[in-house]
Amino acid sequence: MKTQFYVTKCMKMWMMSLLLTCIGFSSYAAKSNFVLGKPSAEEMAMKVYPEDTSAAAVVLYKECTILPQDEEDFISEKVVRCRMKILKEIGKEFITLEIPYTHNIYLTDFKAVITNVVDGKVQTSVVKRNELFDELSTDNFQRKKIAFKDLRVGSIIDYEYVMQINYIISYQPYSLQDDMPVRYSHYLVQAPNLIKYRQNILSWYPIESRSDFTTVRGVDFVEYEYTAKNLPALKREPYVWN
């Protein structure tokens, strides 16, 4: 019974992803400054991303937490939060969202808000869950997608979704990096202590990581946490595995 978290670098394409996969069986309260639809004044005023002035869009914040909900049946809840900003007209092409799911990993909640400044006034538009549409990905996976509307230069897009994971044999991968620069990325998972884990982290970029034992309602878990800041955009090149 082995589980691997890994971060990979392949040729010139830098991709940082964390994958939790396990075979067999084996209270954290997420604390962040992210409030859906409430970007900071600094984020609203940003016109250029200082770490990459050529960036057409930037991920200001992204995090994923996977926490136990039912210790006996090993049911977990996955929460993903993200905030992106469009800096140039072409940046609208980067604002996408795909949520892969199966009958054992399914969406339970979705929220999104788009914030714009129009004639000097802040305007927000709520994206409804029924705007998501389904698309068949593979025989085992489907995915929900959305085409965000009312996007313009300066738009800030926030989304948050929750998934229930009933199948602990395999967790979906989580990528710290993206097709646009990422200012802050965070990943945290609490995994049953009955599984032996091996961590392989390979990256040119610094990643803060830790693992600690914790107890959730009387059951032992191992808490893994990863944080990365100021990551460059993922450069996709032909003939490179991704």
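Structure: above.
Each chain carries its own residue numbering, running from 1 in the written order of its sequence. Since the coordinates come from a predicted model, pLDDT governs what is reported: local features require at least 70, and pairs of side-chain atoms require 80 or more to be given and counted, while whole-chain, interface and lining totals use all residues. Computation of side-chain values covers all heavy atoms of the structure but excludes hydrogens and water.

A. Quick look at the overall build of the chain. For the chain, the count of helices and strands is 1 helix and 16 strands. Any residue under 20% of the maximum accessible area for its type is buried, any over 50% is exposed, and the rest in between are partly exposed; the area is computed with a 1.4 Å probe on protein chains only. Burial analysis of the chain (242 residues in total) assigns 47% to the buried set. Using a 1.4 Å probe, accessible areas were evaluated by the Shrake-Rupley method; residue-level cover was limited to the displayed protein chains. Accessible surface, the chain: about 13,000 Å² in total, of which carbon and sulfur atoms supply 52%. Put simply, DSSP marks the helices as runs of H or I at least four residues long and the strands as runs of E at least two long, and each gets a number from the N terminus on.

B. Structural context of the sheet that holds strand 10 (residues 142-146). A pair of strands is considered paired only if DSSP assigns at least 2 bridges between the two. Across the sheet, which stays open at both edges, the 3 strands sit in the order 6-10-9 with antiparallel pairing between neighbours. With one partner strand each, in any of the chains shown, strand 6 (97-101) and strand 9 (133-136) form the two edges of the open sheet. Each neighbouring strand pair of the sheet contributes to a mean axis angle of 30°, computed without reference to strand direction. Summarising the sheet, strand 9 and strand 10 pair through 4 bridges and their orientation is antiparallel. Here the axes come from fitting lines to C-alpha atoms, over the contacting stretch only for helices, and the angles between their N-to-C directions go from 0 to 180 degrees.

C. Quick look at the side chain of Lys85. With respect to the secondary-structure elements, Lys85 resides in strand 5 (residues 75-86). By the counting scheme adopted, Arg and Lys are positive, Glu and Asp are negative, and His together with the chain ends is not counted. Any carboxyl oxygen of Asp or Glu within 4 Å of a side-chain nitrogen of Lys or Arg constitutes a salt bridge here. We note that Lys85 is buried and unpaired, the nearest opposite charge coming from Glu42 at a distance of 8.2 Å. From its side chain, Lys85 meets the backbone oxygen of Glu43 in a polar contact 2.7 Å long. In protein, a polar contact means a hydrogen-donor-capable atom and an acceptor-capable atom, both N or O and within 3.5 Å, with residues adjacent in sequence counting only if both atoms are side-chain atoms; elsewhere, any N or O pair within 3.5 Å suffices. A distance of 2.7 Å separates a polar atom in the side chain of Lys85 from the backbone oxygen of Met46. Apart from the residues lying within four places of it in its own chain, the contact partners of Lys85 are Glu43, Met44, Ala45, Met46, Ala57, Val58, Leu60, Gly154, Ser155 and Ile156. Throughout, a contact is declared for two residues whenever any of their heavy atoms are within 4.5 Å.

D. Broad picture of the environment of Ile146. Note that Ile146 resides in strand 10. Ile146 sits 49 residues away from Leu97 along the chain, and the two C-alpha atoms are 6.0 Å apart. Not counting residues within four places of it along the chain, the set of residues in contact with Ile146 comprises Leu97, Phe110, Val127, Glu131, Leu132 and Phe133.

E. Structural view of the sheet that holds strand 7 (residues 105-118). Read from one edge to the other, the open sheet built from 8 strands follows the order 8-7-11-5-4-13-16-15, with strand pairing classed as mixed. Whereas interior strands pair on both sides, the edge strands pair on one side only; in this sheet they are strand 8 (121-127) and strand 15 (208-216). With strand direction ignored, the average angle separating the axes of adjacent strands in the sheet is 15°. Inspection of the sheet shows strand 4 (residues 57-70) paired to strand 5 by 12 bridges, in the antiparallel sense. Bridging across to strand 5, Leu67 finds its partner in Glu77.

F. Broad picture of the packing of aromatic side chains. Each pair of aromatic rings taken from Phe, Tyr and Trp, with Trp reduced to its six-membered ring, is defined by centres within 6.5 Å and is described as stacked if the planes are under 30 degrees apart, edge-to-face if over 60, and tilted in the remaining cases. On inspection of all chains with the given rule, the structure shows 4 aromatic pairs. Plain terms: the ring middles of Tyr159 and Tyr161 are 6.2 Å apart, the flat faces sit at 15° to each other, and that makes the pair stacked. By the burial criterion, Tyr159 is buried, and Tyr161 matches it. Cluster of aromatic residues (ring-pair linked, three or more members): Phe34, Tyr61 and Tyr184.

G. Summary view of the pairing of strand 16 (residues 219-231). Alignment of strand 13 (residues 182-192) against strand 16, held across 10 bridges, turns out to be antiparallel. Its bridge partner lying in strand 16, Ser185 is registered against Ala228. The sheet contact formed by strand 15 and strand 16 spans 9 bridges and is antiparallel. Note that in strand 16 the partner of Ser209 across the bridge is Tyr226. Connecting strand 15 to the next strand, strand 16, in antiparallel fashion are 2 residues, including Arg217 with a positive phi near 50°.

H. How the structure looks around the side chain of Thr115. Along the chain, Thr115 falls in strand 7. Overall, Thr115 belongs to the buried group, its relative accessible area being 2%. Excluding its chain neighbours within four sequence positions, the residues that come into contact with Thr115 are Gly37, Pro39, Met44, Val122, Gln123, Thr124, Gly154, Ser155 and Ile156.

I. Just unusual backbone geometry, in detail. One non-glycine residue with positive phi stands out, namely Asp150, at about 60°. Among the secondary structure elements, Asp150 is positioned in the loop between strand 10 and strand 11 (156-165). A relative accessible area of 40% means that Asp150 is categorised as partly exposed. Phi is positive for Asn230, which is not a glycine, with a value near 55°. Mapped onto the elements of the fold, Asn230 is located in strand 16. Judged by its relative accessible area of 39%, Asn230 is partly exposed.

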